[in-house]
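# Survey of secondary and tertiary structure
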Amino acid sequence: MATPDIAARRVLGAIAALVVGTLTLSACGGNASADANTDNKGGSNATAKTSTAKITISAKDGATNASINSTGVKVSDGKLTDVKMTVSGSGEAVDGAISADGGSWKPKEQLERGTKYQISATAKDDNGKTAAANSIFTTVTSSNSFIGTYTPDNGTTVGVGMPVSFNFDKVISDKKAVQSHITVTSSSGQQVVGHWFGTQRLDFRPQEYWKAGSKVTMKIDLDGVQGANGVYGVQKKTVTFTIGRSQVSTVDVNTQTMTVVRDGQTYKSLPISSGSPEHTTYNGQMVISEKFTQTRMNSQTVGLGGEYDIPDVPHAMRLTTSGTFIHGNYWYNKSNPPFGQTGTSHGCVGLADVQGAQGATNAKWFYDNSLIGDVVIVKNSPDKTVAPDNGLNGWNLGWSEWTAGSAA
(Lines give C-alpha, C1' and ligand atoms only; values in the text may rest on other atoms or scores of the structure.)
Protein backbone atom coordinates (compact mmCIF):
# COMPACT_ATOMS: atom_id res chain seq x y z
CA MET A 1 0.00 0.00 0.00
CA ALA A 2 1.29 3.45 -0.88
CA THR A 3 1.84 5.90 1.93
CA PRO A 4 0.18 9.33 1.66
CA ASP A 5 3.52 10.91 0.71
CA ILE A 6 4.11 8.34 -2.03
CA ALA A 7 0.57 8.77 -3.35
CA ALA A 8 1.01 12.54 -3.44
CA ARG A 9 4.25 12.21 -5.32
CA ARG A 10 2.58 9.92 -7.86
CA VAL A 11 -0.18 12.45 -8.43
CA LEU A 12 2.37 15.25 -8.88
CA GLY A 13 4.34 13.04 -11.23
CA ALA A 14 1.27 12.38 -13.33
CA ILE A 15 0.49 16.10 -13.47
CA ALA A 16 4.08 16.88 -14.45
CA ALA A 17 3.94 14.28 -17.20
CA LEU A 18 0.72 15.83 -18.48
CA VAL A 19 2.31 19.29 -18.47
CA VAL A 20 5.36 18.02 -20.35
CA GLY A 21 3.10 16.35 -22.86
CA THR A 22 1.19 19.57 -23.33
CA LEU A 23 4.43 21.51 -23.82
CA THR A 24 5.57 18.95 -26.34
CA LEU A 25 2.39 19.39 -28.33
CA SER A 26 2.55 23.17 -28.35
CA ALA A 27 6.28 23.75 -28.73
CA CYS A 28 7.60 24.99 -32.13
CA GLY A 29 10.18 22.42 -33.09
CA GLY A 30 13.48 23.08 -34.81
CA ASN A 31 11.82 23.97 -38.08
CA ALA A 32 11.69 27.42 -39.59
CA SER A 33 8.59 26.50 -41.57
CA ALA A 34 5.66 25.47 -39.44
CA ASP A 35 1.94 25.44 -39.05
CA ALA A 36 0.53 24.02 -35.86
CA ASN A 37 -3.20 23.81 -35.18
CA THR A 38 -4.73 21.13 -33.00
CA ASP A 39 -8.25 20.79 -31.65
CA ASN A 40 -8.96 21.47 -28.04
CA LYS A 41 -9.07 17.77 -27.26
CA GLY A 42 -5.37 17.41 -28.05
CA GLY A 43 -5.95 15.49 -31.26
CA SER A 44 -5.32 16.52 -34.83
CA ASN A 45 -8.29 17.67 -36.85
CA ALA A 46 -6.89 18.40 -40.28
CA THR A 47 -10.27 19.00 -41.88
CA ALA A 48 -11.64 21.52 -39.43
CA LYS A 49 -8.72 22.92 -37.46
CA THR A 50 -5.46 22.79 -39.45
CA SER A 51 -4.61 25.93 -41.41
CA THR A 52 -3.64 25.52 -45.03
CA ALA A 53 -1.32 28.53 -44.76
CA LYS A 54 2.33 27.50 -44.99
CA ILE A 55 4.91 29.92 -43.55
CA THR A 56 8.52 29.80 -44.65
CA ILE A 57 11.27 31.71 -42.84
CA SER A 58 14.33 31.88 -45.09
CA ALA A 59 16.78 31.68 -42.17
CA LYS A 60 16.42 28.15 -40.83
CA ASP A 61 16.12 27.61 -37.12
CA GLY A 62 19.60 27.15 -35.65
CA ALA A 63 21.41 28.47 -38.73
CA THR A 64 24.76 30.12 -38.06
CA ASN A 65 25.47 31.66 -41.47
CA ALA A 66 22.17 33.33 -42.34
CA SER A 67 22.11 36.04 -44.99
CA ILE A 68 22.20 39.68 -43.92
CA ASN A 69 20.35 40.63 -47.12
CA SER A 70 17.72 38.08 -48.05
CA THR A 71 16.39 36.96 -44.67
CA GLY A 72 12.61 37.25 -44.65
CA VAL A 73 9.26 35.48 -44.36
CA LYS A 74 6.89 34.17 -47.04
CA VAL A 75 3.53 32.44 -46.90
CA SER A 76 1.59 30.33 -49.38
CA ASP A 77 -2.15 29.64 -49.26
CA GLY A 78 -2.69 32.44 -46.79
CA LYS A 79 -1.72 35.93 -45.66
CA LEU A 80 0.69 37.04 -42.99
CA THR A 81 -1.02 38.74 -40.07
CA ASP A 82 1.94 39.49 -37.82
CA VAL A 83 5.71 39.20 -37.97
CA LYS A 84 8.05 40.14 -35.13
CA MET A 85 11.82 40.13 -35.47
CA THR A 86 14.11 40.91 -32.56
CA VAL A 87 17.76 40.74 -31.60
CA SER A 88 18.05 37.75 -29.31
CA GLY A 89 19.11 38.63 -25.81
CA SER A 90 18.41 42.35 -25.94
CA GLY A 91 14.95 42.04 -27.46
CA GLU A 92 15.61 45.04 -29.68
CA ALA A 93 12.97 45.16 -32.41
CA VAL A 94 13.97 44.98 -36.07
CA ASP A 95 11.72 47.09 -38.26
CA GLY A 96 10.12 45.41 -41.22
CA ALA A 97 6.98 45.47 -43.32
CA ILE A 98 4.44 42.99 -44.63
CA SER A 99 3.86 43.31 -48.37
CA ALA A 100 0.61 44.77 -49.62
CA ASP A 101 -0.66 41.35 -50.69
CA GLY A 102 0.23 39.81 -47.32
CA GLY A 103 2.46 37.24 -48.96
CA SER A 104 5.84 38.26 -47.58
CA TRP A 105 7.74 40.27 -44.97
CA LYS A 106 11.27 41.58 -44.95
CA PRO A 107 13.41 43.84 -42.75
CA LYS A 108 13.68 47.48 -43.72
CA GLU A 109 17.46 47.55 -43.27
CA GLN A 110 20.31 45.16 -43.93
CA LEU A 111 20.98 42.95 -40.91
CA GLU A 112 24.19 43.04 -38.92
CA ARG A 113 26.82 40.39 -39.39
CA GLY A 114 27.49 37.95 -36.55
CA THR A 115 24.23 38.74 -34.75
CA LYS A 116 21.62 36.38 -33.30
CA TYR A 117 18.01 37.12 -34.26
CA GLN A 118 14.58 35.68 -33.65
CA ILE A 119 11.56 35.76 -35.97
CA SER A 120 8.01 34.83 -35.00
CA ALA A 121 5.33 34.88 -37.69
CA THR A 122 1.60 34.14 -37.89
CA ALA A 123 -0.69 33.84 -40.88
CA LYS A 124 -4.28 32.97 -41.70
CA ASP A 125 -5.75 30.98 -44.54
CA ASP A 126 -8.94 31.82 -46.42
CA ASN A 127 -11.01 30.14 -43.71
CA GLY A 128 -9.47 32.23 -40.96
CA LYS A 129 -7.40 29.37 -39.56
CA THR A 130 -4.11 30.45 -38.01
CA ALA A 131 -0.62 29.07 -38.65
CA ALA A 132 2.56 30.03 -36.84
CA ALA A 133 6.31 29.60 -37.30
CA ASN A 134 9.47 30.85 -35.66
CA SER A 135 13.20 30.71 -36.10
CA ILE A 136 16.23 31.64 -34.03
CA PHE A 137 19.39 32.04 -36.12
CA THR A 138 22.72 33.84 -36.35
CA THR A 139 23.87 35.84 -39.36
CA VAL A 140 27.19 35.12 -41.00
CA THR A 141 30.12 36.55 -39.04
CA SER A 142 32.81 38.92 -40.27
CA SER A 143 35.41 36.18 -39.97
CA ASN A 144 33.27 33.85 -42.08
CA SER A 145 32.30 36.33 -44.78
CA PHE A 146 33.96 38.47 -47.42
CA ILE A 147 33.19 41.85 -48.93
CA GLY A 148 34.43 43.35 -52.16
CA THR A 149 35.21 47.07 -52.21
CA TYR A 150 34.51 48.18 -55.76
CA THR A 151 34.88 51.11 -58.10
CA PRO A 152 33.26 53.01 -59.79
CA ASP A 153 30.36 54.01 -57.58
CA ASN A 154 26.71 53.83 -58.51
CA GLY A 155 25.43 56.82 -60.45
CA THR A 156 28.83 58.21 -61.40
CA THR A 157 30.08 59.38 -64.79
CA VAL A 158 33.57 58.17 -65.62
CA GLY A 159 36.09 58.17 -68.43
CA VAL A 160 36.39 55.57 -71.17
CA GLY A 161 39.31 53.80 -69.47
CA MET A 162 37.58 53.10 -66.16
CA PRO A 163 37.54 49.39 -65.33
CA VAL A 164 35.25 47.79 -62.79
CA SER A 165 37.62 46.80 -60.00
CA PHE A 166 36.93 44.67 -56.91
CA ASN A 167 39.27 44.33 -53.95
CA PHE A 168 38.14 41.56 -51.58
CA ASP A 169 38.91 41.61 -47.87
CA LYS A 170 39.58 37.86 -47.81
CA VAL A 171 41.62 35.54 -50.00
CA ILE A 172 39.36 34.01 -52.66
CA SER A 173 40.14 30.38 -53.47
CA ASP A 174 37.02 29.65 -55.52
CA LYS A 175 37.53 32.35 -58.11
CA LYS A 176 35.10 30.81 -60.55
CA ALA A 177 32.22 30.87 -58.07
CA VAL A 178 32.85 34.50 -57.17
CA GLN A 179 33.41 35.76 -60.72
CA SER A 180 30.34 33.95 -62.04
CA HIS A 181 28.18 35.86 -59.56
CA ILE A 182 29.34 39.27 -60.80
CA THR A 183 28.13 40.30 -64.24
CA VAL A 184 29.12 43.50 -66.04
CA THR A 185 27.27 44.54 -69.19
CA SER A 186 27.27 47.64 -71.38
CA SER A 187 24.56 49.25 -73.44
CA SER A 188 27.17 49.43 -76.18
CA GLY A 189 27.09 45.65 -76.52
CA GLN A 190 30.81 45.33 -75.86
CA GLN A 191 31.95 42.01 -74.43
CA VAL A 192 33.19 42.48 -70.86
CA VAL A 193 35.58 39.97 -69.28
CA GLY A 194 36.98 39.64 -65.77
CA HIS A 195 40.66 39.22 -64.91
CA TRP A 196 42.15 38.18 -61.56
CA PHE A 197 45.22 39.89 -60.17
CA GLY A 198 46.24 37.47 -57.42
CA THR A 199 43.63 36.12 -55.01
CA GLN A 200 41.94 39.32 -53.83
CA ARG A 201 41.48 41.57 -56.85
CA LEU A 202 39.15 41.11 -59.81
CA ASP A 203 38.83 43.69 -62.61
CA PHE A 204 36.43 43.79 -65.57
CA ARG A 205 36.88 45.60 -68.89
CA PRO A 206 36.07 45.31 -72.60
CA GLN A 207 38.70 44.68 -75.26
CA GLU A 208 38.82 48.35 -76.23
CA TYR A 209 37.97 51.43 -74.21
CA TRP A 210 34.31 51.83 -73.31
CA LYS A 211 32.14 53.54 -75.91
CA ALA A 212 31.47 57.17 -75.00
CA GLY A 213 27.98 57.73 -73.65
CA SER A 214 27.28 54.08 -72.91
CA LYS A 215 25.65 52.79 -69.71
CA VAL A 216 27.35 50.05 -67.74
CA THR A 217 25.49 47.78 -65.33
CA MET A 218 27.18 45.68 -62.68
CA LYS A 219 25.11 43.03 -60.90
CA ILE A 220 26.62 41.71 -57.68
CA ASP A 221 24.99 38.49 -56.49
CA LEU A 222 27.53 37.27 -53.93
CA ASP A 223 25.18 36.79 -51.00
CA GLY A 224 25.79 33.24 -49.73
CA VAL A 225 28.43 32.43 -52.36
CA GLN A 226 31.33 30.49 -50.88
CA GLY A 227 34.55 32.23 -51.86
CA ALA A 228 36.81 30.06 -49.74
CA ASN A 229 36.39 27.25 -47.23
CA GLY A 230 33.80 28.49 -44.73
CA VAL A 231 33.87 32.07 -46.09
CA TYR A 232 30.73 33.44 -47.76
CA GLY A 233 29.80 36.59 -49.63
CA VAL A 234 27.23 39.02 -48.22
CA GLN A 235 26.71 41.50 -51.07
CA LYS A 236 23.69 41.68 -53.34
CA LYS A 237 23.09 44.85 -55.33
CA THR A 238 23.03 46.41 -58.77
CA VAL A 239 25.33 49.29 -59.70
CA THR A 240 25.07 51.44 -62.82
CA PHE A 241 27.40 54.11 -64.11
CA THR A 242 27.77 56.20 -67.26
CA ILE A 243 30.71 56.56 -69.60
CA GLY A 244 31.27 60.22 -70.40
CA ARG A 245 32.93 61.77 -73.41
CA SER A 246 36.10 60.09 -74.67
CA GLN A 247 39.32 61.76 -73.52
CA VAL A 248 42.76 60.20 -73.98
CA SER A 249 45.85 62.31 -73.28
CA THR A 250 49.28 61.28 -74.52
CA VAL A 251 52.50 62.43 -72.84
CA ASP A 252 55.52 62.34 -75.13
CA VAL A 253 58.67 62.38 -73.01
CA ASN A 254 60.81 63.18 -76.05
CA THR A 255 59.01 66.49 -76.64
CA GLN A 256 57.82 67.07 -73.04
CA THR A 257 54.32 67.74 -74.27
CA MET A 258 50.89 66.26 -73.62
CA THR A 259 48.29 66.10 -76.37
CA VAL A 260 44.68 65.92 -75.20
CA VAL A 261 42.37 64.13 -77.65
CA ARG A 262 38.65 64.38 -77.01
CA ASP A 263 36.12 62.36 -79.00
CA GLY A 264 38.78 61.62 -81.58
CA GLN A 265 39.83 65.25 -82.14
CA THR A 266 42.93 67.01 -80.83
CA TYR A 267 41.58 69.30 -78.13
CA LYS A 268 44.66 70.89 -76.57
CA SER A 269 48.45 70.56 -76.36
CA LEU A 270 50.15 71.32 -73.06
CA PRO A 271 53.83 71.58 -72.09
CA ILE A 272 54.75 69.21 -69.25
CA SER A 273 57.76 68.14 -67.21
CA SER A 274 58.11 64.38 -66.78
CA GLY A 275 60.45 62.40 -64.55
CA SER A 276 64.11 63.30 -64.43
CA PRO A 277 66.79 60.95 -65.84
CA GLU A 278 67.32 59.67 -62.29
CA HIS A 279 63.60 59.20 -61.57
CA THR A 280 61.92 58.34 -64.86
CA THR A 281 58.19 58.12 -65.55
CA TYR A 282 56.53 54.81 -66.38
CA ASN A 283 55.49 54.19 -69.96
CA GLY A 284 52.07 52.81 -70.79
CA GLN A 285 48.35 53.40 -70.48
CA MET A 286 47.36 54.77 -67.10
CA VAL A 287 43.91 55.63 -65.76
CA ILE A 288 43.09 58.52 -63.47
CA SER A 289 41.85 56.84 -60.28
CA GLU A 290 41.68 59.78 -57.82
CA LYS A 291 41.53 63.57 -57.96
CA PHE A 292 42.66 66.03 -55.26
CA THR A 293 42.46 69.79 -55.52
CA GLN A 294 45.43 69.81 -53.14
CA THR A 295 47.32 66.98 -51.47
CA ARG A 296 50.51 66.34 -49.56
CA MET A 297 53.35 64.49 -51.27
CA ASN A 298 56.19 63.06 -49.19
CA SER A 299 59.03 61.15 -50.84
CA GLN A 300 59.32 58.76 -47.90
CA THR A 301 55.82 57.37 -48.60
CA VAL A 302 56.96 56.11 -52.01
CA GLY A 303 60.17 54.47 -50.85
CA LEU A 304 62.54 57.37 -51.42
CA GLY A 305 64.58 59.36 -48.92
CA GLY A 306 63.86 62.88 -47.79
CA GLU A 307 64.00 64.45 -51.23
CA TYR A 308 60.69 66.29 -50.88
CA ASP A 309 57.73 66.94 -48.61
CA ILE A 310 55.21 69.26 -50.23
CA PRO A 311 52.05 69.81 -48.15
CA ASP A 312 49.89 71.44 -50.83
CA VAL A 313 50.54 69.94 -54.26
CA PRO A 314 47.77 71.42 -56.44
CA HIS A 315 45.51 69.68 -58.94
CA ALA A 316 46.84 66.17 -58.31
CA MET A 317 45.42 63.15 -60.13
CA ARG A 318 46.61 59.65 -59.29
CA LEU A 319 47.83 57.37 -62.09
CA THR A 320 49.38 54.48 -60.11
CA THR A 321 49.08 52.95 -56.67
CA SER A 322 52.83 53.33 -56.24
CA GLY A 323 52.61 57.12 -56.37
CA THR A 324 52.66 58.37 -59.97
CA PHE A 325 50.50 61.48 -60.38
CA ILE A 326 49.86 64.11 -62.98
CA HIS A 327 49.78 67.33 -60.99
CA GLY A 328 50.44 71.02 -60.80
CA ASN A 329 53.92 72.36 -59.99
CA TYR A 330 54.39 75.83 -58.43
CA TRP A 331 57.91 75.31 -57.02
CA TYR A 332 59.68 75.21 -60.38
CA ASN A 333 62.53 77.58 -61.24
CA LYS A 334 60.67 80.67 -62.46
CA SER A 335 63.72 81.92 -64.37
CA ASN A 336 64.00 78.64 -66.27
CA PRO A 337 60.64 76.82 -66.46
CA PRO A 338 61.08 73.12 -67.30
CA PHE A 339 57.70 72.64 -68.97
CA GLY A 340 58.10 71.61 -72.56
CA GLN A 341 61.87 71.52 -72.04
CA THR A 342 63.08 68.82 -69.64
CA GLY A 343 62.03 66.27 -67.07
CA THR A 344 62.60 67.38 -63.48
CA SER A 345 60.15 65.34 -61.36
CA HIS A 346 60.55 62.16 -59.32
CA GLY A 347 58.46 60.22 -61.84
CA CYS A 348 55.29 62.26 -61.96
CA VAL A 349 54.01 64.38 -64.84
CA GLY A 350 54.04 68.07 -63.90
CA LEU A 351 52.06 71.01 -65.29
CA ALA A 352 52.61 74.70 -64.60
CA ASP A 353 50.57 75.89 -61.61
CA VAL A 354 50.46 78.34 -58.72
CA GLN A 355 50.34 77.72 -54.99
CA GLY A 356 46.84 77.49 -53.60
CA ALA A 357 45.34 75.81 -56.69
CA GLN A 358 43.97 79.13 -57.95
CA GLY A 359 44.39 80.93 -61.24
CA ALA A 360 43.95 80.07 -64.88
CA THR A 361 46.87 77.64 -65.12
CA ASN A 362 47.48 74.67 -67.39
CA ALA A 363 47.25 72.34 -64.41
CA LYS A 364 43.89 73.75 -63.37
CA TRP A 365 42.55 73.49 -66.92
CA PHE A 366 43.54 69.84 -67.19
CA TYR A 367 42.15 69.06 -63.74
CA ASP A 368 38.83 70.72 -64.48
CA ASN A 369 38.56 68.93 -67.82
CA SER A 370 39.41 65.44 -66.56
CA LEU A 371 37.22 62.65 -65.21
CA ILE A 372 38.05 59.71 -63.01
CA GLY A 373 38.61 56.99 -65.59
CA ASP A 374 40.24 59.18 -68.23
CA VAL A 375 43.33 57.69 -69.87
CA VAL A 376 46.81 59.20 -69.75
CA ILE A 377 49.34 57.46 -72.02
CA VAL A 378 53.08 57.98 -71.52
CA LYS A 379 55.45 57.10 -74.36
CA ASN A 380 59.17 57.42 -75.18
CA SER A 381 60.27 57.30 -71.56
CA PRO A 382 63.43 55.27 -70.77
CA ASP A 383 61.44 53.54 -68.00
CA LYS A 384 59.53 50.24 -68.28
CA THR A 385 55.81 49.88 -68.95
CA VAL A 386 53.70 50.25 -65.84
CA ALA A 387 52.51 46.97 -64.29
CA PRO A 388 48.82 46.33 -65.12
CA ASP A 389 47.88 45.96 -61.43
CA ASN A 390 49.74 49.13 -60.37
CA GLY A 391 46.61 51.27 -60.34
CA LEU A 392 43.69 50.69 -62.69
CA ASN A 393 46.04 49.97 -65.55
CA GLY A 394 44.95 46.61 -66.95
CA TRP A 395 44.88 48.14 -70.45
CA ASN A 396 48.57 47.31 -70.64
CA LEU A 397 47.65 43.65 -71.05
CA GLY A 398 46.72 42.42 -74.52
CA TRP A 399 43.24 40.93 -74.90
CA SER A 400 44.49 37.33 -74.97
CA GLU A 401 46.47 37.91 -71.77
CA TRP A 402 43.46 39.59 -70.19
CA THR A 403 41.03 36.80 -70.99
CA ALA A 404 43.55 34.19 -69.86
CA GLY A 405 43.21 35.63 -66.36
CA SER A 406 39.47 34.98 -66.25
CA ALA A 407 38.12 32.21 -64.01
CA ALA A 408 34.68 32.07 -65.63
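Structural data are supplied above this passage.
The structure presented is a predicted model; accordingly, all values stated were derived computationally and were not measured.

### Focus: the pattern of salt bridges
As enumerated under the stated definition, the model contains 7 salt bridges in all. With its nearest N and O atoms 2.8 Å apart, the salt bridge here joins Lys236 to Asp221. Of this pair, Lys236 sits in strand 18 (residues 236-243) while Asp221 sits in strand 15 (residues 215-221), and the two are 15 residues apart along the sequence. Put simply, Glu290 and Arg318 hold a salt bridge, and the shortest N to O gap is 2.7 Å.

### Points about the layout of surface pockets
Roughly 240 Å³ of internal volume is contained in the second largest pocket. Taken together, 14 residues form the lining of the second largest pocket, with Ile310, His327, Trp331, Ser345 and His346 sitting closest to its centre. Going through the elements one at a time, strand 24 (309-318) and strand 25 (325-329) are the ones with two or more residues in the lining of the second largest pocket.

### Brief notes about the packing of aromatic side chains
Summed over the entire model, instances satisfying the criterion amount to 11 aromatic pairs. Between Tyr209 and Trp395 the ring centres are 4.9 Å apart and the planes differ by 80°, which places this aromatic pair in the edge-to-face class. Placement of the pair is Tyr209 in the loop between strand 14 (201-206) and strand 15 and Trp395 in the loop between strand 27 (375-379) and helix 4 (399-404), with a sequence separation of 186 residues. An aromatic cluster of three or more residues is present, and its members are Phe146, Tyr150, Phe166, Phe168 and Trp196. The ring of Tyr367 has Lys291 lying over it, and the distance from NZ or CZ to the ring centre is 4.3 Å. Over the ring of Tyr332 we find Lys334; its NZ or CZ atom is 4.3 Å from the centre of that ring.

### A closer look at the sheet that holds strand 19 (residues 247-252)
The strand order across the open sheet formed by 5 strands is 21-20-19-27-22, and the pairing between neighbours is mixed. Edge positions in the sheet fall to strand 21 (265-271) and strand 22 (284-287), since each of these pairs with one other strand and no more. The average angle at which neighbouring strand axes cross in this sheet is 20°, direction not considered. Of the pairings in the sheet, the one linking strand 19 to strand 20 (residues 257-262) comprises 6 bridges and is antiparallel in character. Looking across to strand 20, one finds that Gln247 is bridged to Arg262.

### Concerning the nonpolar core
Ranked by internal contacts, the top residues of the largest apolar core, which has 31 residues, are Phe166, Phe168, Val178, Ile182, Val184, Phe204 and Met218. Secondary structure elements with two or more residues in this core: strand 11 (164-168), strand 12 (182-186), strand 13 (192-197), strand 14, strand 15 and strand 18. Apart from residues no more than four positions distant in its own chain, Val184 is found in contact with Val164, Val192, Phe204, Trp210, Val216, Thr217 and Met218. Counting 25 residues, the second-largest nonpolar core is a separate cluster that includes Met85, Val94, Val140 and Val234.

The rules we used
Residues numbered from 1 in each chain as written. Predicted model: local features only at pLDDT ≥ 70, side-chain atom pairs only at ≥ 80, totals over all residues. Heavy atoms only, no water. Salt bridge = Lys/Arg side-chain N within 4 Å of Asp/Glu carboxyl O. Helix = DSSP H or I, 4+ residues; strand = E, 2+ residues; numbered from the N terminus. 1 Å grid on protein atoms, 1.4 Å probe; cavity = no way out; pocket = protein on both sides within 12 Å on 5 of 7 lines; lining within 4 Å. Points joined across faces, edges and corners; volume = space filled by probe spheres on them. Phe/Tyr/Trp six-rings, centres within 6.5 Å; stacked < 30°, edge-to-face > 60°. Lys NZ or Arg CZ within 6 Å of the ring centre and 35° of its normal. Pairing = 2+ DSSP bridges. Axes fitted to C-alpha atoms, helices over the stretch in contact; angles between N-to-C directions. Core = buried A, V, L, I, M, F, W, Y, C linked by side-chain atoms within 4.5 Å. Buried < 20%, exposed > 50% of the residue type's maximum accessible area, 1.4 Å probe, protein only. Contact = heavy atoms within 4.5 Å.

In short, geometric facts, not functional conclusions.
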